[in-house]
Amino acid sequence: SSYNYDSSLKGQINSSRHTEYEYVDKYVQAGQNYWYKLVDVDLKGVRTEHGPIKAAVSVNGEISTTNTLPAHYILGDNYPNPFNPSTKIDFSVPEINGANLVPVRMVVYNSLGQVVRQLINKPLAAGTYRVQWDGLNAVGERMPTGVYIYQISAPGFQQNKKMMLIK
């Protein structure tokens with residue numbers, strides 16, 4: 001297995017609307033498995049990872065992919081935890097009543113219940129994602145050591161988990 005990324009594309013794709021992208025790997029070999037993922041970065045610098053997706057190339061050149069869609073919402077534990085200066089949070093969004101996109105919101109709160117930063121507030125397709133929090137609040141200030149709550153909200157689902165920022 002291997003990961004492939006065309007670094008010549010870095011910084012060249014920018015869109016504020018839903019867009020579909022295609023990647024053609026010119027260097028695959030028959031009988032090998034390949035893993036791919038897409039990382040998008042919004043205008044505020046929030047990173048969201050999509051995938052990975054497995055592509056297998058058979059000896060006769062047929063390509064099969066494996067990308068099982070989640071059956072239900074999942075909010076993973078952040079890692080590392082405790083963290084400094086950043087942490088990653090994995091989550092999954094199922095397909096809801098055949099809808100292509102599901103509105104998803106993820107917010108970080110301090111121990112007083114005050115909003116620190118909104119990490120996600122957009123419609124997402126069914127799949128598994130990863131978002132990174134850099135320990136900054138909404139105006140770019142570094143947050144102090146402490147316990148923080150991250151919450152995901154979507155139609156018919158809401159879940160909270162704790163994380164600890166240390167310095």
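Residues numbered from 1 in each chain as written. Predicted model: local features only at pLDDT ≥ 70, side-chain atom pairs only at ≥ 80, totals over all residues. Heavy atoms only, no water.

*Asks:* Sorry, what's going on with a nonpolar patch on the surface here?
*Replies:* A cluster of nonpolar side chains, namely Val147, Met164 and Ile166, defines an oily patch on the protein surface of about 210 Å² accessible area. Relative to the assigned elements, Met164 resides in strand S10 (residues 157–165). Classification of Met164 as partly exposed rests on a relative accessible area of 35%. (Patch = residues over 30% accessible without salt bridge, like charges linked within 9 Å, V, L, I, M, F, W, Y side chains within 5 Å. Areas by Shrake-Rupley, 256 points an atom, 1.4 Å probe, with all protein chains shown as cover. Salt bridge = Lys/Arg side-chain N within 4 Å of Asp/Glu carboxyl O. Helix = DSSP H or I, 4+ residues; strand = E, 2+ residues; numbered from the N terminus. Buried < 20%, exposed > 50% of the residue type's maximum accessible area, 1.4 Å probe, protein only.)

*Asks:* How should I be thinking about the nonpolar core in this particular structure?
*Replies:* In summary, soluble globular proteins display a tendency toward joint burial of nonpolar side chains. Counting residues in each nonpolar core, the largest one holds 26 residues, and the members touching the most others are Phe91, Val104, Met106 and Trp133. Put simply, the parts of the chain that give this core at least two residues each are strand S5 (87–93), strand S6 (102–109), strand S7 (115–124), strand S8 (127–133), strand S9 (146–154) and S10. Beyond its immediate chain neighbours, meaning those up to four positions away, Phe91 contacts Ile74, Leu75, Val104, Met106, Ile120, Leu124, Gly127, Thr128, Tyr129, Val131 and Ile152. (Core = buried A, V, L, I, M, F, W, Y, C linked by side-chain atoms within 4.5 Å. Contact = heavy atoms within 4.5 Å.)

*Asks:* Before we go on, may I ask you to explain unusual backbone geometry in this structure?
*Replies:* Excluding glycine, a negative phi dihedral is what most residues carry, and trans is how most peptide bonds are arranged. Each neighbour pair has its own omega, and for Tyr79 with Pro80 the value is -5°, a cis peptide bond. Turning to its location among the elements, Pro80 is positioned in the loop between strand S4 (74–75) and S5. Following Asn84, the chain continues into Pro85 via a peptide bond in cis, with omega recorded as 5°. Positionally, Pro85 belongs in the loop between S4 and S5.

*Asks:* Help me understand the pairing of S10 in this model?
*Replies:* Summarising the sheet, S9 and S10 pair through 9 bridges and their orientation is antiparallel. The residue of S10 that forms the bridge with Ile152 is Gln159. A loop of 2 residues connects S9 with S10, the two strands running antiparallel in sequence, and Gly156 in this loop sits at a positive phi of about 75°. (Pairing = 2+ DSSP bridges.)

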